[in-house]
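Chain by chain, the residues run as shown.
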Amino acid sequence: MSAMPGVVAPGAPVSPGRPAGRRHDFQVLFDRLRSRSFSRGGLVATVVQPLVFFAIFYCTFAGMLDERGIEFGRFVTPTVLVQALMFVAIAGATDLAADRSSGVFSRLLTSPVDMGAMGLAHLAVVALQGLLSSVAVVLAGLLAGFRFDHGVLAALGFVLFAVAFTVALSLATATIALRLRNLEALSAVLHLPYLPLLVLSTGFVEADLFPGWLQPVVRVSPVSGVIDTLRALSTTELTWSAALPGLAWVAGLLALFAWTTTVAFRKVAIR
Amino acid sequence: MTEAILLSDLTKRFGEQTALDRVSLGIPAGTVVGLLGPNGAGKTTLINCLTTLLQPDGGTIRVLGHDPATDPSLVRANIAVTGQFAALDEQISPRENLVFFGRLLGLGRGEAQQRAGEMLERFELAEAAYTPVGYLSGGMRRRLDLAVSLVVPRPVLVLDEPTTGLDPRSRKLLWDMVRAEAARGVAVLLTTQYLEEADQLADRIVVIDKGRVLADGSSDELKLDVGGLMCRLTLTSAADTAAARQALGDLPGVTAEGDKVAVPMARAEDVGAVLGRLAGQGLPIADIEVTKPTLDEVFFTLTEPMAKETTR
Amino acid sequence: MTVQSPDTAAPSLPPSSSPAPATLAAASVVIAGRVLRQFVRNRMMIIVTIAFPLLQLFMLLAAFNVLVRDTQGVDYVRRLAPLIVLTTAFSSILTTAIALWSDIRSGVFNRLRAMPLDMRAYVAGRIGGDFVRIMGVAVLVTLVAHTVGFRFSRGPLAALGFFGIVALFGMMCSALSVAVALVAQHPGIIVRYVQMPTLVLTLMSSGYVPLEAFPGWIRPAVSVNPVSLAADALTGLSDRGALAAPVLGTVAWTVGVTVVCTAVATRRFALLVKSG
């Protein structure tokens, strides 16, 4: 810490600056986003909101599922979790858009900030929020009969997979936030797909209960795949055939959207 | 090498439209350069190229010898930028904004805190230090925006219309600050809509329009270039204006408005000839004044032919 | 409440040098026309307010039709269609409140205030414009739902009553949005305090899922929920079920909420005028 430019007395000549390095940049950017996500509003979104939804779905579905011999806690907990993670990804993109419209983004682009650190900090905070939501939903699920049947390793896999899914989704929403300038349009584009994706999956009812023509769509839906993987890692039989589609989806989405986000970021940063 | 900023033949096109057309400009350390031009002249494009937000299509840029195309982060480490619109995190307080951006520029946590406190004092923001930026008034945001740009002193300062929307007090604060920065060797490039501001603040004024540099020099040099001196006459009666114009008819660039007539002159002695002609027609004069043209007049004279060119 | 189409009743100002101020009704119609024009010109808003209810209708029907039929013995579309109509009105609280809020802060409001215009016309116009929109979507949704089995099986009078209840519910929502817009400090607050409660009220109603499917202890809360009452009234008027209690309940909620909101809004408005 020898050439710190900060403690220059007024009137003293200014010495040339140097970038502080990726690790430092990451730390500072991460701190800002983290403190935002641990503010009251941030915690409401990542913890309280999923719990409210859990309670609502419990009230509305538990009775009907019970009549069909399905235990709500075991069946729906992964679904509520996936919904919570979708909200995390949406909120992350909204924050990004807010930074763009407030000009903070441009200021960062004219500051000696490592571009990689900007992306990594965004994803790290999103992953942290995903972790937080996962813990909250799992704890609520345990009260309603959700269990990890396959031991500690599978439980860790469950959480890790949930976090990976959050990151993949956030890359998708970040691409959209970087491409769309109009905030109103962005909000609509972010919020519209989540409900169809969630409802037209095996999250609340089995695929057999959908009309025949829709069943293939429901079966191959990425959300169904992810939910089935989460179920395999917790309450249903842990087999490769159950877990693999979800894993493949998340790996594929991660690769695809990492690429689209990089391209979109380059377009915004270097014109 | 003394030029902190050096632009040569800088060119930027947006589709068919040429926003910057071979702009060359050098700014030595400790100099304030005012960039003047009508709306859409290319000022913001120039600033965006200089601050690594835009990639030029041609020409070179050097900031302390660094090339934004190859060393963007070294350029960014040496420039402080304040854009046309405040660029602040609205959800956090002024203090937190200063600490955040200070740390990003390499300050340690404690240093950034201390520095933030100093800046809040200097920009008269101390009483709002903990209010989220979203709740601040326009003038306060603007001042905070400048404070954030200056939280870590850098050798180059770029200001895009920094005083738009500021009250006179805040404007004076900013001017003093710009002078202080220049005095300690910072190269300052500022765009402005206010000619008075450029006159007051800038060591050198660069006028651009349609992406081209029309003039580059000190305020006095520009005024001399354009018209030398102005003889401003006030007639006792506005009814005489037409007759006065008639009497001065063969002199170039005579303008009249109400009871006022302005005559450009090459030398101060020419005033005798002007007065002689009016006296010859028996036109009484209430007041006479010989001055340099105002910067406004320079600006209009320089940019007008261009405007005509496009209306054709 | 009657609403004139803004096209037919464009006010014709007399060509005198100082025209008389527009009447309350004429001014309201002009304002309502502006609201509707803003809506029609905004492609995103049209998609959200028209496509979203239809999407919801088909999606939820596809997912839950069998489950609800098998366990509750109910034809799901007959419950779902009325509820979707109500959610459209509900979701308009948010958009109207934000639009009102930006009007108030952006200076449009002050400009109107500085004009020889009765400010009640502004509120009436705003609400009237939304009302037309809500009723339009209601008609559209019921028409579309008709293709998948929704029916008015209790006669034309009951069908009229159906839209009457939608109108009442819409009025309650408008009153809420005006009050919220006047109270909120910034739009973020509107989103936070409107989005979640309306969603909870909708989901925790006997609309999506019949009352009997809820656990016993929460049924009392579900049954007095305004969305439940209105949904039950709509189901009663279109299909079958009790009528008196849900209709009276809806009226009571509408009157109650409107009175409270009007009081709050009047107070806040006076405050706003005083503080400039």
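Residues numbered from 1 in each chain as written. Chains lettered and ligands numbered in written order. Predicted model: local features only at pLDDT ≥ 70, side-chain atom pairs only at ≥ 80, totals over all residues.

**Points about the UniProt feature "transmembrane region" (unreviewed entry) in chain A**
Residues and elements named next belong to chain A. Convention followed: UniProt positions are given in the numbering used here, feature names are shortened, and annotations may be inferred rather than shown by experiment. Strands are runs of DSSP state E lasting at least 2 residues, helices are runs of H or I lasting at least 4, and numbering of each runs from the N terminus.
Here, UniProt's "transmembrane region" (unreviewed entry) annotation points to residues 42-63, 75-98, 119-146, 152-178 and 246-265. Annotated as residues 75-98, this span is 100% helix and 0% strand, and its ends, taken at the C-alpha atoms, are 36 Å apart. The span residues 119-146 is 89% helical and 0% strand by assignment, and the distance between its end C-alpha atoms comes to 35 Å.

**Section: the sheet that holds strand 1 (residues 3-14) of chain B**
All names here are of chain B. The following threshold applies: In short, DSSP must find at least two bridges between two strands for them to pair. To define axes, lines are fitted to C-alpha atoms, for helices over the stretch in contact only, and angles between the resulting N-to-C directions are given on a 0 to 180 degree scale.
Taken in spatial order, the three strands line up as 2-1-4 in an open sheet, and their pairing is antiparallel. Each edge of the open sheet is held by one strand with a lone partner, namely strand 2 (17-28) and strand 4 (58-63). Averaged over all pairs of adjacent strands, the angle between strand axes in this sheet comes to 15°, irrespective of strand direction. Where strand 1 and strand 4 come together, five bridges link them in antiparallel fashion. Directly across from Ser 8, in strand 4, lies its bridge partner Thr 60.

**Observations regarding the interface of chain A and chain C**
Defined as follows: By definition, residue pairs are in contact when their C-beta atoms, positioned from the backbone, come within 7 Å. Under this grouping Gly is polar, as are all residues other than the nonpolar Ala, Val, Leu, Ile, Met, Phe, Trp, Tyr, Cys and Pro and the charged Asp, Glu, Lys and Arg.
Contacts between the two partners involve 21 residues from chain A, matched on the other side by 21 residues from chain C. Elements supplying a minimum of two residues to the side of chain A that touches chain C: helix 2 (40-67), helix 7 (183-191) and helix 8 (194-199) of chain A. Residues that form the side of chain A that touches chain C fall into these classes: 16 nonpolar, two polar and three charged.

**Observations concerning the UniProt feature "domain: ABC transmembrane type-2" (unreviewed entry) in chain A**
Within this numbering scheme, the UniProt entry marks residues 41-268 of chain A as carrying the feature "domain: ABC transmembrane type-2" (unreviewed entry). With 80% helix and 0% strand, residues 41-268 of chain A has end C-alpha atoms that lie 29 Å from one another.

**Looking at the UniProt feature "transmembrane region" (unreviewed entry) in chain C**
Mapped onto this numbering, the UniProt entry annotates "transmembrane region" (unreviewed entry) at residues 44-68, 80-102, 123-145, 157-183, 190-209 and 243-265 of chain C. Between the end C-alpha atoms of residues 80-102 of chain C there is a gap of 34 Å, over a span that is 100% helix and 0% strand.

**Remarks on the interface of chain B and chain A**
At the junction of the two partners, chain B supplies 40 residues and chain A supplies 32 residues. Split by residue class, the side of chain B that touches chain A holds 21 nonpolar, eleven polar and eight charged.

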